Amino acid sequence: MRGRAFSVAALTWWNELPEEIRALWDLMQFRRACLTALRTGRRCVKAAMWGSDAGVWAFFFFLLLWVIGNTTANRPCVPKFVGSDAMVCVCNGTYCDTLDPVSLLPEGFFLKYETSKIGHRMALTEGKFQLNSTNPGFLGLEYIFSASERYQYVKGFGGSHTDAAAINILSLSPAAQDQLLRSYFSETGIEYNLLRMPIGSCDFSTHPYAYDDIPYDFDLKHFSLAQEDTNFRGAPRKSPVGDLTFPPPRRYRLILAILDKSQRPIPYHFGPGGQVAPQVITDEEKDVFVVAGGQRRAQIQHDIVALLLGGIVDARGSPRAADYRDGPLGYGQDALEDRDLRVEVLGNSSAAKYVSGIAVHWYLDRVFPAECTLGATHRLFPDYFLLYTEACNGFRPWEAKVDLGSWDRGVRYSKNIIDNFQHFIVGWIDWNLAVDPKGGPNWVDNYVDSPIIVNVENDEFYKQPMFYHLAHFSKFIPEGSVRVRLTSKNWLGCRLQTVGFLRPDGAAVVVALNNCFFDVPFSITDSPMGVLEDIARSYSIQTYLWKRV
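What you see is a predicted model; the values in this text were computed from it and never measured.

J.: Teacher, can you tell me more about the overall build of the chain here?
T.: Looking only at helices and strands, the chain features 15 helices and 22 strands. Of the accessible surface of the chain, which amounts to about 23200 Å², a share of 54% is contributed by carbon and sulfur atoms.

Below you can see the structure in the form of structure tokens.
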């Protein structure tokens, strides 16, 4: 921990060096320049704290250790402070912070990853379980990890490959592009396993476009891919679907025509209303087809599922499966706010037999508590999965569209993920993988924030606190993990927000968010292992992992 903390401090001090000093690669010239800066009152790696010749040598020695150490180990964040309590991590084609693949400790020990408002980013420490608690109950918050009480299985985490994300990523040099994609998807990154991709345009395109604008062309004689499909999505291998201009019922017939032309069997996910604004969600195994829209009449939703899209599923011989991994249709978020929609579709066997789950966006989560939407839906229809497929900050008209380095926006992500997993969601997909400093491009000026901001002028990108909050889940909770019961007692002050899982390898995971202004001591009791005791620092999030007997 001390070594990682010093790495962050050394990089911070290095960033404070005057540009002309940082350009000096000769050791003695560097030393003399730092001493001169000290004597003239300029800030040089905060050497005023040392106030001696030896201090400059000490700094350079530790900086050299940092450089050597990071040729073989985790690369720490290069911080850029953009406000009094706002920080991002800077990446470019030659350097980006990384995370080693998870390597669990022997039984009786645990790993802790911490990210905090004061600047820690996935700081790794190790600890040991105690046989008994050393904290009297009234002094700390006690959790019980109950591995035998299990709930929903996890599908995974990811982001959205919009046109805007592609434009920003491709605007970087090839080396920087590689760093960005590795940050999201590699074992040295945060290990996303889900990717949502709009088919056709969305608001995060530079202009609206469709694949066939000719009315009543149900045979798709005028079908053609857009330039964006070639430039941003590579060779087309998905089923072509899309047209935002056809009014009902033409758009539904167009869906049928397009699906019927598909040359490969794919499971279909049907969004709210059947409006033609389709999506593809890709995981490591297969493609998942999503159609999103805005038709809220319950009977119309039933008819679209049962009479139109269901017919395509029957023609393909793809029966509904109870498990979401193989289900043919997903049903949209309107069902969460309207009980009639849930009952009309999921409660009606003629439509429900084609449905496997519900896709959810987060925009009304502050209006409709999770217990009233996700919880109620799960109680009514426990066999249907709930998957979050869009979230972003800055979408309200009065909010800053991009709030660089905002800790609070990261907290919103973590709170939402924890709360919704406690109400039976199986996965969480963010919106744009990357946007520009304005929050776009977006052809309707509907700019929003993103975990990664691309600065084309400097050929660099910034990892925001949102990125690291997401990492505390996606890096450590792989597909196939299962949520378990995690209960607390004996605490009258600030409660942590927590959620617990068992991984497929049998390891335990607990994520704990402390959004209070003071530190919170707590313990986690896992009966076969003993007691994990720790302190959750103020304004921090931590993930704990340990092997179980």
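J.: Whenever I open this one, the pairing of strand β16 (residues 460-463) confuses me. Can you help?
T.: The two faces of the sheet receive side chains in turn, since in a regular strand these alternate between them. Alternating residues of β16 divide into Glu460 and Tyr462 and Phe461 and Lys463, and every residue in both groups is buried. The pairing of strand β2 (residues 86-92) with β16 spans four bridges and is classified as antiparallel. Bridge pairing in β16 places cysteine 89 opposite lysine 463. As paired elements, strand β15 (residues 452-455) and β16 share four bridges and run antiparallel to each other. Bridged to isoleucine 452 within β16 is lysine 463.

J.: What is the right way to read the packing of aromatic side chains from this model?
T.: For any pair of aromatic rings, the description consists of the separation of the ring centres together with the inter-plane angle of the planes. This structure, assessed with the given rule, holds 23 aromatic pairs. Note on tyrosine 184 and phenylalanine 467: the rings are 5.5 Å apart at their centroids and 55° apart in plane angle, and the pair reads as tilted. Here phenylalanine 467 lies in helix α15 (residues 465-474) and tyrosine 184 lies in helix α6 (residues 174-185), a separation of 283 residues in the sequence. Relative to phenylalanine 518, the ring of phenylalanine 517 lies with its centre 5.0 Å away and its plane at 85°, an arrangement referred to as edge-to-face. For phenylalanine 517, a relative accessible area of 66% gives the class exposed.

J.: I would appreciate a short explanation of the environment of valine 88 in the present structure.
T.: Structurally, the position occupied by valine 88 is in strand β2. Among residues more than four places away in sequence, those in contact with valine 88 are Cys77, Val78, Pro79, Lys80, Leu404, Gly405, Tyr462, Lys463 and Gln464.

J.: Would you take a moment to explain the environment of glutamate 371 for this structure?
T.: Take glutamate 371: it is sitting in helix α13 (residues 370-380). For the pair glutamate 371 and asparagine 420, spaced 49 residues apart in the sequence, the C-alpha separation amounts to 8.7 Å. Other than its neighbours up to four places away in sequence, glutamate 371 contacts Ala376, Arg379 and His423. A distance of 2.4 Å separates the side chain of glutamate 371 from the side chain of arginine 379, its partner in a polar contact.

J.: What should I look at first to understand α6 in this one?
T.: Along its twelve residues, α6 runs 16 Å from first to last C-alpha, staying within 8% of the 16 Å computed at 1.5 Å per residue. All of the buried residues in α6 are Ala176, Gln177, Gln179, Leu180, Ser183 and Tyr184. Across the axial projection of α6, the buried residues extend over an arc of 160°, all falling on one side. Summarising the contacts, the buried residues of α6 are in contact with β2, α5 (163-170), β15, β16 and α15.

J.: I would appreciate a short explanation of the side chain of histidine 423 in the present structure.
T.: Structurally, histidine 423 is set in the loop between α14 (407-421) and β14 (425-432). Here histidine 423 falls in the buried class, since its relative accessible area comes to 13%. A polar contact of 3.1 Å, which involves the side chain of histidine 423, links it to the side chain of glutamate 371.

J.: What is the right way to read the sheet that holds strand β4 (residues 123-128) from this model?
T.: Two orientations exist for strands paired in a sheet by backbone hydrogen bonds: parallel and antiparallel. Taken in spatial order, the nine strands of this open sheet run β4-β3-β22-β19-β18-β17-β5-β20-β21, and their pairing is mixed. Of all the strands in the sheet, just β4 and β21 (530-536) have a single pairing partner and so form its edges. This sheet shows a mean twist of 25° between the axes of neighbouring strands, independent of strand direction. By the bridge criterion, seven bridges tie strand β19 (residues 508-514) to strand β22 (residues 540-546) in an arrangement that is antiparallel. Opposite valine 511, over in β22, you have threonine 543 as the bridge partner. Most of the contacts of α15 go to β22, to which it runs at about 20°, and overall it touches β3 (109-116), β18 (497-502), β19 and β22.

J.: Would you take a moment to explain a nonpolar patch on the surface for this structure?
T.: Among the surface-exposed residues, Leu364, Val367 and Phe368 lie close enough to one another that they form a single nonpolar patch of about 250 Å² accessible area. As for its position among the elements, leucine 364 is in the loop between β12 (355-361) and α13. A residue is classified by how much of its surface remains accessible, and leucine 364, at 38% relative accessible area, is partly exposed.

J.: Please clarify how the pattern of salt bridges should be interpreted in this entry.
T.: Opposite charge on two side chains allows them to pair when their charged atoms are near. Inspection of the entire model under this criterion finds 15 salt bridges. Taking the shortest distance from any N to any O, the salt bridge between glutamate 479 and lysine 155 comes out at 2.9 Å. Taken as a pair, glutamate 479 in the loop between α15 and β17 (482-489) and lysine 155 in the loop between β5 (141-153) and β6 (156-160) lie far apart in primary sequence, 324 residues in all. Across the pair glutamate 399 and arginine 412 runs a salt bridge whose closest N-O atoms are separated by 3.5 Å. With glutamate 399 in the loop between β13 (385-390) and α14 and arginine 412 in helix α14, the pair connects residues that are 13 residues apart, well separated along the chain. Its relative accessible area of 13% is what places glutamate 399 among the buried residues.

J.: What's the story with the packing of α14 against α15 in this structure? I'm lost.
T.: Relative orientation and spacing of two packed helices are given, respectively, by the angle between their axes and the distance between those axes. Running from N to C, α14 and α15 cross one another at 25°; their axes reach a closest spacing of 7 Å. Classed by the angle they form, the pair α14 and α15 counts as roughly parallel. In this structure, α14 meets α15 at a crossing whose hand is right-handed. Facing α14, whose interface residues are Trp407, Arg409, Gly410, Val411, Tyr413, Ser414, Ile417 and Ile418, α15 presents Pro465, Met466, His469, Leu470 and Phe473. Classifying every residue of the contact of α14 with α15 by side-chain character gives nine nonpolar, three polar and one charged.

J.: What should I look at first to understand the state of the cysteines in this one?
T.: Here, disulfide denotes a covalent bond that connects the sulfur atoms of two cysteines. One pass over the full model with this rule turns up two disulfides. Here cysteine 77 engages in a disulfide with cysteine 89; their sulfurs sit 2.1 Å apart. With the S-S dihedral at roughly -105°, the linkage between cysteine 77 and cysteine 89 falls on the left-handed side. Of this pair, cysteine 77 sits in the loop between α4 (53-69) and β1 (79-83) while cysteine 89 sits in strand β2, and the two are twelve residues apart along the sequence. One disulfide in the model links cysteine 91 with cysteine 96; its S-S distance is 2.1 Å. Because the sign of the S-S torsion sets the handedness, a value of about 65° for the bond joining cysteine 91 and cysteine 96 places this disulfide among the right-handed ones. Its relative accessible area of 1% is what places cysteine 96 among the buried residues.

Conventions and cut-offs
Residues numbered from 1 in each chain as written. Predicted model: local features only at pLDDT ≥ 70, side-chain atom pairs only at ≥ 80, totals over all residues. Heavy atoms only, no water. Helix = DSSP H or I, 4+ residues; strand = E, 2+ residues; numbered from the N terminus. Areas by Shrake-Rupley, 256 points an atom, 1.4 Å probe, with all protein chains shown as cover. Buried < 20%, exposed > 50% of the residue type's maximum accessible area, 1.4 Å probe, protein only. Pairing = 2+ DSSP bridges. Phe/Tyr/Trp six-rings, centres within 6.5 Å; stacked < 30°, edge-to-face > 60°. Contact = heavy atoms within 4.5 Å. Polar contact = N/O pair within 3.5 Å; in protein donor to acceptor, adjacent residues only side chain to side chain. Expected span 1.5 Å × (residues − 1). Arc of directions from axis to C-beta. Axes fitted to C-alpha atoms, helices over the stretch in contact; angles between N-to-C directions. Patch = residues over 30% accessible without salt bridge, like charges linked within 9 Å, V, L, I, M, F, W, Y side chains within 5 Å. Salt bridge = Lys/Arg side-chain N within 4 Å of Asp/Glu carboxyl O. Parallel < 35°, antiparallel > 145°, perpendicular 65-115°, else oblique. Left-handed = near helix turned anticlockwise from the far one by under 90°. Nonpolar A, V, L, I, M, F, W, Y, C, P; charged D, E, K, R; others polar. Disulfide = S-S within 2.5 Å.

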